[in-house]
Structure formats: C-alpha cells, structure tokens
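Commentary on secondary and tertiary structure
As a plain string of letters, each chain reads:
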Amino acid sequence: MSTLTKVLIVLLTIASIFLCGIVVTYVASEVNYKQKYENQLSSYQAAKKNEDNAKTQLNNTIEEKGRDTEKLGEQIASLEEQINKLKSDLANAERNRDLANRKVNDWVAIVKDFSKTIENNEKLTKDALTERDLKEAELIKQDKELKDTTAALMENMAIVKQLQEGSKRLLEEKTELQNKLDQYLRQYGKAIAEPMPVTPDRGAVSLAPPTKDIDLNGSITEIDLKNLLAEISIGTADGVKEGMRFHLTRGDKFICDIVILDVWPEKAVGWIELLQDQPRDQPKIDDKVSTNL
Amino acid sequence: MSPVVQSRGKKITAADNLYTVILAVAFCVVLATAVFVAYQCYTQYETIFKIQ
C-alpha cells in the first residue's frame, strides 16, 4: 500500500469523523418542528375556539345591548312624555301661582279696605250706642210720661164713666118727669114745648180748607216680609215724612200699604199693612209706591 | 499484510491492517451518524425520507 493511500485513508477517516460530528451536533441541536407545529396547531385551535366563543358572546352581548337599547329608548320616550307632562303641569302651577299671588294682593287690599271700614263702623257703632243710650233715656222718660198719661187717662175714663152714669140717671129722671108733666098737662089740653138746650148754640159749622194731593211716587228697593218692612227709593229730599202712607200697586192691582217709620235723604223704611194672603200678591222689589191711587 | 518488523535497514511501518481498522472505524462512525440521523428523522417526523 502506498504512502499516499495511507495518508488518504487517515485524512478520509478524520474528515468522516469531523463531518459526522458536525452532522450529529446539528441534528441533535435541531428544533423539533413537528412538536412545535403541533403545539402551534393546538394553540391555533384553542385560539379559534376562543374566537368562536368570543364571537358568540359578542353576538349575545350585541343582542342584549340591542334589547337594552330598545328598552332604554322606550324608557326615554316615556320619560320624555313625563317630562312634557311635568312641564305642562309646571306651567299650570306657575299660572295658578300667579293667579294666587294676584288674588292674595287683591285680598290684602280688600282686607285693608275692610280694616278701614271696620274702624269707621266701630266709630259709627260707638256713636250709635251713645245715641241709643240717649234715646233709651228719652224713651224711659217718655215711658214714664206715658204711664203718667195712662194713669190720668184711666182717671178721666173713670170720671167720664161716672158722668155717663150720672147723665143716664138724669136722662131717666128727665124722662120720668116729662111723662109726669105730660100726664099733668094733658089734663089741661096742653103739650110740652120743645126744650131749649142749656148750652148756647155755636152757630154754623165752618168748612175745612180744601186739600190737595201730595202725589209722591217711588219704587220698592228692598223688602223683608218676615218683619213686614219695606224700603222705598224716595226720602226726605223728595218730601217723605214719618207717618206717611204709601199705596203699593202692581199695574192696576192694589198690593198693600206702607206706613213710613224712618226717613233718610234718599230712602225711607216703612211698615207693611193690608198685606194679601195670596203669594202672587206679595210685594216685590221694583213695585211702584205712591201716596195717591 | 501482516505487521512484520523490518529489522534490517528498513523503516518501521504500520501494518496494513491498521489502516483497515481506521477505515472500519470511519465506516462505523459514518454508519452510526446515518442511524442517528435516521432515528431523529423518524422520531420527529415519523418518516425517514418522505416529506409530508
């Protein structure tokens, strides 16, 4: 065997060992792509499954959101209706509040006027009470005078009664005496002459002066049938006086009479007399009154 | 090719069987490498030559 062959054998062996070492090192250190592929494939399938689940959840979520959106839309619509209703209620409430404020202001003014009126009325009431006390004192005085007058009248009535009895007795005595005198004179054919009154004759009676109609006309302004009182539209300015009698007529029909009790410048109040029983003949407001029929 | 010692004026040389052994070792190394590569291919790709 030649030397070259030997050298080549040695070199071939060294190169073979070297290359085999490189190949073994490379193959041993190479990545296992199949396992990596399987891992990636399983990861991909898991990811795809997760994607499907996520899509399903997304669709469910989208459907729920759609339903929630519809519900919220309905709630928004109902709330808008409520808002509009509340706005209209608010406007009504504000309008009522303004009216109430206006009424309050009016009532405040009315109350002030009433306060002034009450003060005036209190003053008038005090004056009226004072006047009433004076009138009561005068009335008591007049009552006392009336009692005295009544007592005097009773005494006079008793005297008149006694005088009437005396006059009756004298008349009977006169008749008896006259009968006796007639019987006595008849025997002699004579008759008694007409007796002459002891009191002198006063002569012819003079005529009363001619009268004229007062001719006042008015109408009924108020009437109180319970107390039989009526108010007429004319007073002292027209010549009405206490005690005057007015005739109340409706058309050509007589209703009743009114006797005046109190008189003011523009009106007068009187007592109703000769009232009819039928309801249609009761006096009413605006019926005509006059002093002459 | 037996290893014969050249005792008389000749150089000492290795017997030819030595080179045969060297060649056998190299062959075994290459064979072992091929087997290892085949084993790796089979375990990783479940085939030796076929491309999936």
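Residues numbered from 1 in each chain as written. Chains lettered and ligands numbered in written order. Predicted model: local features only at pLDDT ≥ 70, side-chain atom pairs only at ≥ 80, totals over all residues.

We now examine the overall build of chain A. A tally of regular secondary structure across chain A gives two helices and six strands. Reading chain A from its N end, one meets helices and strands in the order α-α-β-β-β-β-β-β. Residue pairs at least 24 apart in sequence account for 55% of intrachain contacts in chain A once pairs closer than 6 positions are excluded. (Helix = DSSP H or I, 4+ residues; strand = E, 2+ residues; numbered from the N terminus. Contact = placed C-beta atoms within 7 Å.)

Walk down a regular strand and you will see the side chains alternate between the two sheet faces. All names here are of chain A. Bridge count between strand β1 (residues 217-224) and strand β6 (residues 288-290): three bridges; the pairing is antiparallel. Considered in β6, the bridge of Asn-217 is made with Ser-290. The pairing of β1 with strand β2 (residues 229-232) spans four bridges and is classified as antiparallel. Each bridged residue has a counterpart across the sheet, and for Ile-223 the counterpart in β2 is Ala-230. From the end of β1 to the start of β2, which pair antiparallel, there are four residues, and Leu-228 there has a positive phi angle of about 55 degrees. (Pairing = 2+ DSSP bridges.)

Here we come to the interface of chain A and chain B. As a measure of interface size, the accessible area lost when the parts come together is often cited. Taken together, the contact pairs 14 residues of chain A with 14 residues of chain B. When residues of the side of chain A that touches chain B are assigned to their parent elements, the largest contribution, eleven residues, is made by helix α1 (residues 3-29) of chain A. Across the side of chain A that touches chain B, the residue classes tally to nine nonpolar, three polar and two charged. (Nonpolar A, V, L, I, M, F, W, Y, C, P; charged D, E, K, R; others polar.)

So, on to the packing of α1(A) against helix α1 (residues 16-45) of chain B. Closest axis-to-axis distance for the α1(A)/α1(B) pair is 9 Å, and the angle between their directions is 20 degrees. Overall, the two elements α1(A) and α1(B) adopt an arrangement that is roughly parallel. The two elements α1(A) and α1(B) cross, and the hand of that crossing is left-handed. Where α1(A) approaches α1(B), its residues A:Lys6, A:Ile9, A:Val10, A:Leu12, A:Thr13, A:Ser16, A:Ile17, A:Cys20, A:Val23, A:Val24 and A:Val27 are matched on the opposing element by B:Tyr19, B:Ile22, B:Leu23, B:Val25, B:Ala26, B:Val29, B:Val30, B:Thr33, B:Phe36, B:Val37 and B:Gln40. (Axes fitted to C-alpha atoms, helices over the stretch in contact; angles between N-to-C directions. Parallel < 35°, antiparallel > 145°, perpendicular 65-115°, else oblique. Left-handed = near helix turned anticlockwise from the far one by under 90°.)

Below, the discussion takes up α1(B). With 30 residues, α1(B) ought to run about 44 Å at 1.5 Å a step, and its terminal C-alpha atoms sit 43 Å apart, in line with that. Positive phi appears at B:Glu46, one or two residues downstream of α1(B), with a value of about 60 degrees. (Expected span 1.5 Å × (residues − 1).)

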